[in-house]
Every structure is written in C-alpha cells, then in structure tokens.
Amino acid sequence: MTGACFCKAIKYEVLAESMMQGLCYCADCQTVGGSAYWASYAISPEHFRLTSGELKKYTSRSAAGRAVERHFCGDCGTQIKVQSNDVSVASVNAMTFDDPAHFRPQYTHFAQSAPHWCDVHPKLSPFQPPGE
Ligand SMILES: [Zn+2]
Ligand SMILES: [Zn+2]
C-alpha cells in the first residue's frame, strides 16, 4: 500500500496490514490535524518505508507521559505518521493513502473529547490503543 503528502514530496509504502484502524479524537490530534479526529492506521514502525523525500519530526509527551513523535512534510505540513517508540507503534495518516478506501476504522479513541458538533461514529467501539 502506498501514500503521499499533499505536495507529493513525501511518498511512502506500508509493508503490512494494520494492527488496528481507528479514529482518535484527542486534543493533540485535533490541533495538529485541524479536524475532529485523526484517521489512524496502526502498524509496527518497521513496516513503514519512505520512498521519496524526508520527514520532519516534532516530539511531544502524551497524557500518559510517553514520547510521541509526529512526522510530517516540511514543505506542505501534512502529518504522515505519529509514532511512539516506547510501545513500537506507528500510526499512519490513513487520509494520505493513494487509495483511501483501504481504511476501515474499527474503534474510536478519546471520543469524550470530540467537538460538540461532531457525531462520533455509532458503529465504532471505544478502544485504548498503545502509544497514547
Ligand atoms: Zn508535502
Ligand atoms: Zn490522538
């Protein structure tokens, strides 16, 4: 599976099926993404491979105190993945897939911080993924 940032400077491939797919409504994902949630396609970090360009990185702390690296295109700003090396999980931005139909979310995360105007998808179950 392949994907790219908005300006196409960054291109990547994902070498394995996801461990989990879901929507993260945490405040950090909302601020970074400018959206109600982050479309998370979770894989093991070694299953992500850059095929073009170089990602910039910003590290912050999750509510649980883990180091969370956000990897993004330095030219157009598209966030490509969020990674916590403490738990060996990389969450790829499913909205950057060349074929977005590949994304099939199964869970919600931090749905309690969804904006009041956003209906949380009723078919998805709450889940606590590792890394956040
Ligand atoms: Zn870009
Ligand atoms: Zn989040």
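Structure shown above.
Quick summary incoming for the structure in this document.

What counts and how
- Residues numbered from 1 in each chain as written.
- Chains lettered and ligands numbered in written order.
- Predicted model: local features only at pLDDT ≥ 70, side-chain atom pairs only at ≥ 80, totals over all residues.
- Pairing = 2+ DSSP bridges.
- Helix = DSSP H or I, 4+ residues; strand = E, 2+ residues; numbered from the N terminus.
- Axes fitted to C-alpha atoms, helices over the stretch in contact; angles between N-to-C directions.
- Buried ≥ 20, exposed ≤ 12 C-beta atoms within 10 Å, placed from the backbone.

1. Description of the sheet that holds strand S1 (residues 2–4)
Here is step 1 of the chain: Across the sheet, which stays open at both edges, the 3 strands sit in the order S1-S2-S5 with antiparallel pairing between neighbours. Here the strands that pair on one side only, and so sit at the sheet edges, are S1 and strand S5 (48–52). Averaged over all neighbouring strand pairs, the angle between strand axes comes to 30°, with direction disregarded.
Here is step 2 of the chain: As paired elements, S1 and strand S2 (residues 11–14) share 3 bridges and run antiparallel to each other. Residue pairing in the sheet places Thr2 in a bridge with Glu13 of S2.

2. Concerning unusual backbone geometry
Here is step 1 of the chain: Positive phi is not limited to glycine here, since Ser88 has a value of about 55°.
Here is step 2 of the chain: Position of Ser88 relative to the elements: it lies in the loop between strand S8 (79–84) and strand S9 (89–93).
Here is step 3 of the chain: Take Ser88: there are 12 C-beta atoms within 10 Å of it, and that puts it in the exposed class.
Here is step 4 of the chain: Despite not being glycine, Phe110 shows a phi value in the positive range, around 55°.
Here is step 5 of the chain: Residue Phe110 is classed as buried on the basis of its 20 C-beta neighbours within 10 Å.

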